[in-house]
Amino acid sequence: MAKTQVNLRMDETVAEMAKQGAETRRIPVNDYVAQLIRDDNEKVRAAFLNGAQHILDEYGDLLDGIERAT
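Given the structure is predicted, the values throughout are model-derived calculations rather than measurements. (Residues numbered from 1 in each chain as written. Predicted model: local features only at pLDDT ≥ 70, side-chain atom pairs only at ≥ 80, totals over all residues. Heavy atoms only, no water.)

1. Topic: a nonpolar patch on the surface
A grouping of Ile55, Leu56, Tyr59, Leu62, Leu63 and Ile66 is seen on the molecular surface, where their side chains present a nonpolar patch of about 570 Å² in accessible area. Examined against the element boundaries, Leu63 turns out to sit in helix α2 (residues 29-69). What makes Leu63 partly exposed here is its relative accessible area of 39%. (Patch = residues over 30% accessible without salt bridge, like charges linked within 9 Å, V, L, I, M, F, W, Y side chains within 5 Å. Areas by Shrake-Rupley, 256 points an atom, 1.4 Å probe, with all protein chains shown as cover. Salt bridge = Lys/Arg side-chain N within 4 Å of Asp/Glu carboxyl O. Helix = DSSP H or I, 4+ residues; strand = E, 2+ residues; numbered from the N terminus. Buried < 20%, exposed > 50% of the residue type's maximum accessible area, 1.4 Å probe, protein only.)

2. Quick word on the environment of Tyr32
Residue placement: Tyr32 occurs in helix α2. For the pair Tyr32 and Asp61, spaced 29 residues apart in the sequence, the C-alpha separation amounts to 44 Å. Aside from chain neighbours lying at most four places away, what touches Tyr32 is Ala18, Gly21, Ala22, Arg25 and Ile27. (Contact = heavy atoms within 4.5 Å.)

Take it as geometry only, folks, not as evidence of what the structure does.
Here it is as structure tokens:
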């Protein structure tokens, strides 16, 4: 996969936390930040899919009826 360079600005405390988090995991800071972003997006995706499933479970029959009526 091609990589794109992104420059980030953060205060020193957050930068140090990123360095420590990466060091604890024995990975580069770039990989650590990328993993945090992936994890965050997966949580959002999972919440969306859970919400969509809830709608289908609750209103699936109604939606099917509307679709058949059109």
